[in-house]
Amino acid sequence: MLEFQAVKDFLNNKTILVTGAGDGIGRAAALEYAKYGATVILLGRTVKKLEAVYDQIVESGAPMPAIIPLDLKGATEQNYIDMAETIEQQFGHLDGVLHNASLLGALGPFEHLDVSSMEDIMKINVTAPAMMTKALLPVLRKAPSASIIFTSSGVGRKGRAYWGPYAISKFATEGMMEVLADECDGTSVIVNTINPGATRTEMRAKAYPAEDPMSLKTAQEIMPTYLYLMSDDAKSVNGQKLSAQ
Ligand code: NAP
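Residues numbered from 1 in each chain as written. Predicted model: local features only at pLDDT ≥ 70, side-chain atom pairs only at ≥ 80, totals over all residues. Heavy atoms only, no water.

The strand order across the open sheet formed by seven strands is β3-β2-β1-β4-β5-β6-β7, and the pairing between neighbours is parallel. At either end of the open sheet lies a strand with only one pairing partner, and these are β3 (66-69) and β7 (241-243). The average angle at which neighbouring strand axes cross in this sheet is 20°, direction not considered. Where helix α5 (residues 164-184) meets the sheet, its contacts fall on β5 (146-151), β6 (189-195) and β7, and the angle it forms with β6 comes to roughly 160°. (Pairing = 2+ DSSP bridges. Helix = DSSP H or I, 4+ residues; strand = E, 2+ residues; numbered from the N terminus. Axes fitted to C-alpha atoms, helices over the stretch in contact; angles between N-to-C directions. Contact = heavy atoms within 4.5 Å.)

Here's what the structure looks like:
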């Protein structure tokens, strides 16, 4: 686990967008970023969950967040262009993006691979963050320094039997990070991946139904790496595959 000592208000005046901010790791990251002073843009598909995170942030006295309700499955390139324009109008620039939302899909042998489900997984896990990043790059470049985090997985670094399209999508995520990090090398934008490792969330419970969730780290416990990559300490960290545990 990375030893990053976050100091009070170190994210003051930064605006950070988090996808899948209504639950699990995305929710924890949104709350942590807000706690350290960031204005957080909460993006997700279930408005009720986003509103609960919004309320929690407001009650804590952190900067007023914003909500973008968007289902990555149906979102078009125009949705992301409009979103980038709104962010630029409201905030002037964007300091960070955490691409966290993902679809696990069904696990099983390759012979049982469901092509329509694979297309959904690739859309949500790969094409959507690619389109979103393409639209947001100009507004990220307007920040003094900006950080893009893509979320990987252990099965995005070493393939494993029965993990099918999800694992394939996470390898694509690592590839996307490498391509973009190389393009951004020497600029104000850094691009990296985080593998959260086994974390107590709905997705983990779906993948490992027999596991005792209490044996796992909570999403809040794995936050130091997520905070570090949004900090000025990470300004020259680019193209790296980090692990949160
Ligand atoms: P989670 O608890 O299932 O949360 C995923 C979040 O993504 C939810 O807020 C969900 O929204 C949102 N989301 C899913 N599909 C979406 C869509 N089509 N449009 C918009 N939002 C969507 O998962 P998690 O465990 O926190 O996982 C977060 C990230 O870590 C994922 O990228 C996952 O692959 C990765 N990861 C997790 C683990 C682990 O052990 N938990 C391990 C390795 C990697 P709803 O709440 O509306 O469903």
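Anyway, onward from the coordinates.
Turning our eyes to something else, we now look at the packing of aromatic side chains. Scanning the model with the defined rule gives five aromatic pairs in all. Considering the side-chain rings of Phe10 and Tyr36, the 5.3 Å spacing of their centres and the 55° angle between planes classify their relative orientation as tilted. With a gap of 26 residues between them, Phe10 in the segment before β1 (15-19) and Tyr36 in the loop between α1 (24-35) and β2 (39-44) connect regions that are remote in the sequence. Across this residue pair, the class does not change: Phe10 and Tyr36 are buried. Measuring from centroid to centroid gives 6.0 Å for Trp163 and Tyr208, while their planes differ by 40°, and the two rings are tilted. Of the two residues, Trp163 sits in the loop between β5 and α5 while Tyr208 sits in the loop between α6 (202-207) and α7 (223-228), which places them 45 residues apart along the sequence. (Phe/Tyr/Trp six-rings, centres within 6.5 Å; stacked < 30°, edge-to-face > 60°. Buried < 20%, exposed > 50% of the residue type's maximum accessible area, 1.4 Å probe, protein only.)

One finds Leu11, Tyr33 and Tyr226 to be the most contacted residues of the largest nonpolar core, which totals 37 residues. The set of elements that each furnish at least two residues to this core consists of β1, α1, β2, α2 (47-60), β6 and α7. When residues in this core are grouped by element, the largest group, seven residues, is from α1. With residues up to four places along the chain from it excluded, the contact list for Tyr226 reads Ile25, Tyr33, Leu98, Ile149, Thr151, Ile194, Pro196 and Ala244. Formed by 35 residues, the second largest nonpolar core is a distinct cluster that contains Ile68, Ala135, Leu137 and Val191. (Core = buried A, V, L, I, M, F, W, Y, C linked by side-chain atoms within 4.5 Å.)

A few words now on the packing of α1 against α2. Remark: α1 packs on α2, axes separated minimally by 10 Å, with the N-to-C direction vectors making an angle of 20°. Taken as axis vectors, α1 and α2 run roughly parallel relative to one another. Crossing angle aside, the handedness with which α1 passes α2 is right-handed. Between α1 and α2, the contacting residues are Arg27, Ala30, Leu31 and Ala34 on the first element and Val53, Gln56 and Ile57 on the second. A per-class count over the contact of α1 with α2 returns five nonpolar, one polar and one charged. (Parallel < 35°, antiparallel > 145°, perpendicular 65-115°, else oblique. Left-handed = near helix turned anticlockwise from the far one by under 90°. Nonpolar A, V, L, I, M, F, W, Y, C, P; charged D, E, K, R; others polar.)

Further remarks concern the pairing of β2. Among the six residues in β2, six count as buried, and that is most of the element. With burial as the criterion, each face of β2 is covered, one bearing Thr39, Ile41 and Leu43 and the other bearing Val40, Leu42 and Gly44. Here β1 pairs with β2 via five bridges, running parallel. In the sheet register, Leu17 faces β2, and the bridge partner there is Ile41.

The contact between helix α4 (residues 115-141) and α5 brings their axes to 8 Å, and the two run at 20°. As far as their axial angle goes, α5 and α4 are roughly parallel. When the axes of α4 and α5 are compared, the crossing they make is right-handed. Across the interface between the two elements, Met118, Ile121, Met122, Asn125, Val126, Pro129, Ala130, Thr133 and Leu137 of α4 pack against Pro165, Tyr166, Ile168, Ser169, Ala172, Thr173, Met176 and Leu180 of α5.

Next up on the list: the pattern of salt bridges. In this structure the tally under the stated criterion is ten salt bridges. We note a salt bridge from Lys14 to Asp232, for which the minimum N-O separation is 3.1 Å. Of this pair, Lys14 sits in the segment before β1 while Asp232 sits in the loop between α7 and β7, and the two are 218 residues apart along the sequence. We classify Lys14 as buried; its relative accessible area is 11%. Taking relative accessible area as the criterion, Asp232 reaches 43% and is therefore assigned partly exposed. A salt bridge links Lys73 to Asp120; the shortest N-O distance between them is 3.6 Å. Linking Lys73 in the loop between β3 and α3 (77-91) with Asp120 in helix α4, this pair joins segments that are 47 residues apart in sequence. (Salt bridge = Lys/Arg side-chain N within 4 Å of Asp/Glu carboxyl O.)

What follows covers the side chain of Thr193. Mapped onto the elements, Thr193 comes out in strand β6. Here Thr193 falls in the buried class, since its relative accessible area comes to 0%. One polar contact links Thr193 to Arg157, side chain to side chain, over a distance of 3.1 Å. Only 2.8 Å separates the side chain of Thr193 from the side chain of Glu174, close enough to count as a polar contact. When sequence neighbours within four positions are dropped, the list of residues in contact with Thr193 reads Phe150, Ser152, Arg157, Thr173, Glu174, Met177, Gln240, Lys241 and Leu242. (Polar contact = N/O pair within 3.5 Å; in protein donor to acceptor, adjacent residues only side chain to side chain.)

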